[in-house]
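What follows is the residue order along each chain.
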Amino acid sequence: MTIYRLPANTPRSFYRGDGRIGTFRGTRPADDPYYPEDWIASTTSRHGAAPAGLTTLPDGRSLAEAIAGDPGWWLGERHVAEHGADPAILVKLLDAGERLPLHVHPDRRFATAHLASPYGKTEAWVIVSAEPGAVVHLGFARDIEPGELAGWVADQRIDRMLGATNRVPVQAGDAVLCPAGLPHAIGAGVLMVEVQEPTDFSVLLEWEGFDVDGPAVGHLGLGYDQALACVDRSAWGAERLAELRRARRPAADARPGVRRLFAELADEFFAAERLRPDPVSVLEPAYSVVVITAGDGSVECEQGAPVPVGAGDTLLVPYAAGWCTLRGDVTAVRCKPA
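Structural notes on the pattern of salt bridges
This model, assessed by the stated rule, comprises 32 salt bridges. Across the pair Arg 20 and Asp 18 runs a salt bridge whose closest N-O atoms are separated by 3.7 Å. Take Arg 20: its relative accessible area is 13%, and that puts it in the buried class. Residue Arg 248 pairs with Asp 267 through a salt bridge whose shortest N-O separation is 2.9 Å. Here the residue Arg 248 occupies a position in the loop between α10 (238-245) and β12 (258-261), and Asp 267 occupies one in the loop between β12 and β13 (270-275), the gap between them amounting to 19 residues. Judged by relative accessible area, which is 27%, Asp 267 ranks as partly exposed. Residues joined in a network through salt bridges with shared partners are Glu 243, Arg 246, Arg 248, Arg 260, Glu 264 and Asp 267.

Right under this line is the structure:
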């Protein structure tokens, strides 16, 4: 097997979904709403709750175990030389059935110094669907003093925290980069593909009303005095926000049916592409996750038989699959390491 069609992998969370992942995948939505994320091709476990979050392949092996056994086949020798047997990305489907709490992810420098990890958690979002009026909160609209932020968090002054953020409207098709350190909250009514660095590090600025003990676990075991040092408290005005949503110009050597997503700021962390066959989408050899967001088609690779695909499918493509083409009346998002 060279292309893996993966079932849903849904660790429990502390916020509610609204059944969109099941609807998207064409399966029965879960009765319990606290499974709003699908961790696709994951070698990352939920923080403090391993092995929750790890992907199991159809043959019963964990994906991490399979890659460790033959990293060159899965990842390619160039990737292995830089990262070892680590795919260096995590991809999710995320269904916001309610507004997520305002939170922040540490960057690589902070994670290396305090969390024994070479990765922080820069992430980016491709909006699959959004209800009318859907928004995300991105960054503070003005400079925030350290004491002011600490007071808001300690007293759970959610009205003031949210009031100080930028409300950014989103709709289906949008691509948004969220750098590590940037306070953010995804609004209700959004289904997205999220690509990120491979960690589950979150510092909760808000927890009241959510199924989580923020004072106990919201600071990654560091205590809030230290954890809040990872927060970008600077003002994000219209120009800075626009850069996070800027459409990328096609490169001169762009492959047919492939459009690179996200601004160049994302390039050191991961890459994502929108695939719309014209008449095919040509995919170079790379370890990648492909999420079929609409339509039906097929994937053909140098190695292995063609694979029929349809909306809601999530595919894991190893480097060894070689050059691939996506055909059909179909749209997809492809995520891969930097």
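After that view, the rundown keeps rolling.
Thoughts on the environment of Gly 48
Take Gly 48: it is sitting in the loop between β2 (37-40) and α2 (63-69). Each C-alpha atom, one on Gly 48 and one on Ser 202, is 12 Å from the other, the two residues being 154 residues apart in sequence.

A short note on the pairing of strand β17 (residues 314-317)
Residues of β17 alternate between two faces, with Thr 314 and Leu 316 on one and Leu 315 and Val 317 on the opposite face, all of them buried. Relative to β17, strand β1 (residues 4-5) runs antiparallel, the two being bridged by 2 bridges. Bridge pairing in β17 links Tyr 4 to Leu 316. Pairing of strand β15 (residues 288-301) with β17, which is carried by 4 bridges, proceeds in the antiparallel orientation. Opposite Ser 288, over in β17, you have Val 317 as the bridge partner.

What counts, and where the lines are drawn
- Residues numbered from 1 in each chain as written.
- Predicted model: local features only at pLDDT ≥ 70, side-chain atom pairs only at ≥ 80, totals over all residues.
- Heavy atoms only, no water.
- Salt bridge = Lys/Arg side-chain N within 4 Å of Asp/Glu carboxyl O.
- Buried < 20%, exposed > 50% of the residue type's maximum accessible area, 1.4 Å probe, protein only.
- Helix = DSSP H or I, 4+ residues; strand = E, 2+ residues; numbered from the N terminus.
- Pairing = 2+ DSSP bridges.

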